[in-house]
Amino acid sequence: MSDYASFIKNKALAQIATGFAPQKLGSHLFDFQAAIVDWACKRGRAAIFADTGLGKTAMQAEWARQVAAHTGGRVLILAPLCVAQQTVEEEAKFGTSIKYCRKESQASGEIIITNYEMVDHFDVADYAGVVLDESSILKSHDSKTRARIISMFDKTPYRLSCTATPSPNDHMELGNQAEFLGVMTAVEMLAMFFVHDGGDTANWRLKGHGKARFWEWMSTWAVCVRNPADLGFDGSRYILPGLQMHEHVIDVHEALPGQLFAGIAQTLTERRDAKRQSLMDRVNIAAELVNSHKRPAIVWCHLNDESKALTAAIPDAVEVTGSMTADEKEAAIMAFTHGEKRVIVSKPSICGFGMNWQHCSDMVFAGLDDSFESFYQAVRRCYRFGQKDVVNVHLVSSSAEGAVKANLQRKQDQAIDMAESMVAHMRELTKQTIKGAIMEKSEYKREVAEGKGWTVHLGDCVEVASEMPDNSIDFSVFSPPFASLYTYSNSDRDMGNCKSYSEFYEHFKYLVAQLFRITKPGRLLSFHCMNLQTSKFRDGVIGLHDFRGELTRMFVDAGWIFHSEVCIWKDPVTAMQRTKALGLLHKTIRKDSSMSRQGIPDYLVTMRKPGENAEHISHTHESFPVEKWQRYASPVWMDVNPTRTLQFRNARESDDERHICPLQLDAIERAMELWSNPGDMVFSPFTGIGSEGYVAIEMGRRFVGSELKRSYWELAKRNLSEARKTQAEGLFADQYDAALIEDEAA
């Protein structure tokens, strides 16, 4: 069992430090910044999720300086357009030399900074460290670009990712960050911590039991901070002034193309038409707002025509467009940054990331798109730590666009609540991480409950089985965890907690070997399973994973004989209503039936251990008439009642994920009647609430089981005690008691 212990140890999520102890840190860093840099150096590969204005630039530059000094190599910083030049200027004030380059031939010195778009012009293998500045920008790139950037640096020894506090429900961004740092792939992260409900595989959420474990995992490689006080430092200097949002709505009385009456645009096409219809009115209001004072101002637009018209209407404005060359964009942006131009006109997608424009406290959105992320980032160019004045944000829209301000305010409140919730979850863990404290781990405990004819262990099924004598089990029946489809606990010993199918199969094979050892020669084992749906993101395709086949092959490889299998019919209408699976929806038939499929049935697969059965399992014509055998012999059981299961709701905890999927009693009874005798010893390694044990005792068999989750184990004890009471006067009572006497004598 030493191999199994090693497997569990390696399966546990551990903090893997790949870093070094830094030299004396720069004196220009604040106390919390120095603590974060110290941790990031020791971690080696880390993420700094710090709110805007907390000094990510200073921290990443100091980290880069430390990596260069430690390795004697160079560090490459990737940043959005013009943020690179801004970084060079800001760090020069503190004596840190960073050179801005656009290709490898220009690179000299220890720390090089370039734009994301220029990364292909560098030999990244020659760099000891890399920093992704404003790394959340990765999600605005297409999937190929993202994957290329991540793969380019997969051999770089030291990696740092810096961005503002990510949204906790943006699993893609978190997955990108973890994958870039080499902590875990995005697919592994989803499989381990997230679940999607029904057929919409784009909407993932944290598993109930995965929540605490997810935050703990994140705290090993990321620092999440919205204020220094989150880390136990003084945060009084980081209290922001007010943010005031002003709405300017243009009344539109003209109907949109294709409409009889003026109304609110609903479709994407209608919203575009509404924007174009009110374009000059919005431009005039925006220009009037900006021209009414001499303070610096930012004017955000959405359409190219808006940008052109706004620049013409504001005499001292500089325009930044996507069609400009990199040099032209840089010159225009830096002109505004240095105060040479009072007003800048651009799109959030071009200038909305990374720039520090605290010198400005007025901005106008003359045009908006549907992305709250771009709106949030655009506002944060001014509304960030270091801003001394109240920031005024003017939203200009038409009545046809609906309640823009209310919608944005609602989304902003939600985003703030979610970000604060994430920081709150991680606060103590982050403090412990930064200060080097050891995190507490839940302790694995074993217990045993016994009654007349039954024993249930609270513990790891592999360990429990390893303690059983050879050739001691007459029949086993169970339903294994469905490879992370259902997650029952947050224990590393839980086979449902696996980040990939391969890890599940590696875990499960330890049990298969023990089951083979403890089963009597010639006797059988039945497992209940189903094939699993695949998703495009996690598996690359929408289809089915042959879970039944993989388990069957695993048992055969361990020495078992594939004895039989029966398909258990399930209603596809019920499955469609519950899962909304694409392949079962009727609309898929109408759209493209090449993606339509049948429902997924259950299977009861039975294995036999080689050798002669020393005790035949015999039946009489009365106990097993031919009509009954014909039903049981059918390769498809159409009459298994899916709702006839033991009650399980009392075993559920507030964080339980989905349901605990108890095996149908009809299926257990048929297997038990076919392949075991009264008085036989029946084993279930995944006892759950005791379904298999309940049937075994009612049918005059003895039972031994194991269960890892305490609440299920507690309910299993009650169910087995109840089964014993009802069995005492049952059909097999005499044979059952005789078997107990014989067992006790042995």
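In this text the structure is predicted, and so the values were computed from the model without any measurement.

Asks: Sorry if this is basic, but what is going on with the pairing of strand 19 (residues 519–530) here?
Replies: Strand residues, when the strand is regular, have side chains that alternate between the two faces of the sheet. Extensive coverage of strand 19 is indicated by the burial of 10 of its 12 residues. Sheet topology note: the strand 18 (residues 473–478)/strand 19 ladder contains five bridges and is parallel. Opposite Ile 473, over in strand 19, you have Thr 519 as the bridge partner. In the sheet, strand 19 pairs with strand 23 (residues 602–608) via seven bridges, with the strands oriented antiparallel. Note on strand 23: the bridge partner recorded for Cys 529 is Tyr 603.

Asks: Explain the nonpolar core to me, please; I cannot follow it from the model alone.
Replies: Note on soluble globular proteins: their nonpolar side chains tend to be buried together. In this structure, Trp 63, Ile 298, Ile 344, Trp 357, Phe 365, Phe 375 and Val 393 are the most contacted members of the largest nonpolar core, which totals 67 residues. For this core, the leading source of residues is helix 3 (residues 56–71), giving seven residues. The residues contacting Phe 365, other than those within four sequence positions of it, are Trp 300, Phe 375, Ala 378, Val 379, Val 393, His 394, Leu 395 and Val 396. In this structure, Phe 7, Cys 461, Val 512 and Ile 518 belong to the second largest nonpolar core, which totals 40 residues.

Asks: Please explain the side chain of Thr 606 as it appears in this structure.
Replies: Looking at the element boundaries, Thr 606 is found in strand 23. Here Ser 526 takes part through its side chain, which lies 2.8 Å from a polar atom of the side chain of Thr 606. If we skip the residues at most four places from it in the chain, Thr 606 touches Leu 524, Leu 525, Ser 526, Ile 561, Phe 562, His 563, Ser 564 and Trp 675.

Asks: What am I meant to see in the packing of helix 2 (residues 31–43) against helix 3 here?
Replies: Two numbers describe a pair of packed helices, the interaxial angle and the distance between the axes. Interhelical geometry of helix 2 versus helix 3 gives an angle of 40° and a closest axis separation of 10 Å. Considering their axes alone, helix 2 and helix 3 lie oblique with respect to each other. In terms of crossing hand, the pair formed by helix 2 and helix 3 is right-handed. Contacts between helix 2 and helix 3 involve Gln 33, Ile 36, Val 37, Ala 40 and Cys 41 from the former and Met 59, Glu 62, Trp 63 and Gln 66 from the latter. Of the residues assigned to the contact of helix 2 with helix 3, the class counts are six nonpolar, two polar and one charged.

Reading guide: rules and limits
Residues numbered from 1 in each chain as written. Predicted model: local features only at pLDDT ≥ 70, side-chain atom pairs only at ≥ 80, totals over all residues. Heavy atoms only, no water. Buried < 20%, exposed > 50% of the residue type's maximum accessible area, 1.4 Å probe, protein only. Helix = DSSP H or I, 4+ residues; strand = E, 2+ residues; numbered from the N terminus. Pairing = 2+ DSSP bridges. Core = buried A, V, L, I, M, F, W, Y, C linked by side-chain atoms within 4.5 Å. Contact = heavy atoms within 4.5 Å. Polar contact = N/O pair within 3.5 Å; in protein donor to acceptor, adjacent residues only side chain to side chain. Axes fitted to C-alpha atoms, helices over the stretch in contact; angles between N-to-C directions. Parallel < 35°, antiparallel > 145°, perpendicular 65-115°, else oblique. Left-handed = near helix turned anticlockwise from the far one by under 90°. Nonpolar A, V, L, I, M, F, W, Y, C, P; charged D, E, K, R; others polar.

Shape descriptors only; they carry no functional weight alone.
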